[in-house]
Amino acid sequence: SADSPAEVDAQVEAATAAGGVPDPTPKQDISGMMYGRSFEDPDGHHWETMWMDAAAAEQGASALEQTEA
């Protein structure tokens, strides 16, 4: 995982600069709560990197727990 959406982009850019293929799958951007991208390395392995706002995720989990109770 990454510490910010900018770090996710930087990781994909670094992989691309090293011969990788950026974004073989669609980017994931969930309204400021989660951001993810993927890349394929020169050997054809698929990697994903992501960032998640822990506070927003916790808030979402709390709301879900309340609806299930």
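All values reported here derive from a predicted model rather than from experimental measurement. Along each chain, residues carry numbers from 1 onward, in the same order as the chain's sequence is written. Per-residue local features are limited, in this predicted model, to residues with pLDDT of at least 70; the limit for side-chain atom pairs, both in listing and counting, is 80 or more; totals at the level of whole chains, interfaces and linings are taken over all residues. Processing note: side-chain calculations cover all non-hydrogen atoms of the structure and skip hydrogens and water entirely.

Quick notes on the overall build of the protein
The helix and strand labels rest on DSSP assignments: H or I over at least four residues marks a helix, E over at least two residues marks a strand, and numbering proceeds from the N terminus. Helices and strands together make up the secondary structure of the protein, namely two helices and four strands. For the protein, the N- to C-terminal ordering of α and β elements is α-β-β-β-β-α. Each residue is placed in one exposure class: buried if its accessible area under a 1.4 Å probe, protein chains only, is under 20% of its type's maximum, exposed if it is over 50%, and partly exposed if it falls in between. A buried classification covers 20% of the 69 residues belonging to the protein.

Observations concerning the pairing of strand β4 (residues 46-52)
Note that strand β3 (residues 34-40) and β4 share seven bridges and pair antiparallel. Of the residues in β4, the one forming a bridge with Glu40 is His46. Strand pairing requires that DSSP identify at least two bridges connecting the strands. The loop that links β3 with its antiparallel partner β4 comprises five residues; one of these, Gly44, has a positive phi angle of about 90°.

A closer look at the environment of Gly20
Here Gly20 shows up in the loop between α1 (5-17) and β1 (21-22). Here the alpha-carbon distance between Gly20 and Asp43, two residues 23 residues apart in the chain, equals 8.5 Å. The contact criterion used throughout is that any non-hydrogen atoms of two residues lie within 4.5 Å. Those residues within four positions of Gly20 in sequence are excluded, and the remaining contacts are Ala15, Glu40, Asp41 and Pro42.

Let's talk about α1
One less than the residue count of a helix, multiplied by 1.5 Å, gives the span that helix is expected to have. Here α1 is 13 residues long and its end C-alpha atoms lie 18 Å apart, about the 18 Å a rise of 1.5 Å per residue gives. When α1 is considered as a whole, its buried residues turn out to be Val8, Val12 and Ala15. Taken down its axis, α1 places every buried residue within 60° of arc, on the same side. Of the residues in α1, the exposed ones pointing more than 90 degrees away from the buried face are Ala6, Glu13 and Ala17. Each C-beta atom gives one direction from the helix axis, and the arc is the one those directions make.

Brief notes about the side chain of Thr49
Mapped onto the elements, Thr49 comes out in strand β4. For Thr49, a relative accessible area of 6% translates into the label buried. Within the structure, the side chain of Thr49 is placed 2.3 Å from the side chain of Gln11, a separation counted as a polar contact. Excluding its chain neighbours within four sequence positions, the residues that come into contact with Thr49 are Ala2, Val8, Gln11, Val12, Tyr35, Gly36 and Arg37. In protein, a polar contact requires one atom able to donate a hydrogen and another able to accept it; more generally it is a pair of N or O atoms within 3.5 Å, and residues adjacent in sequence count only if both atoms are side-chain atoms.

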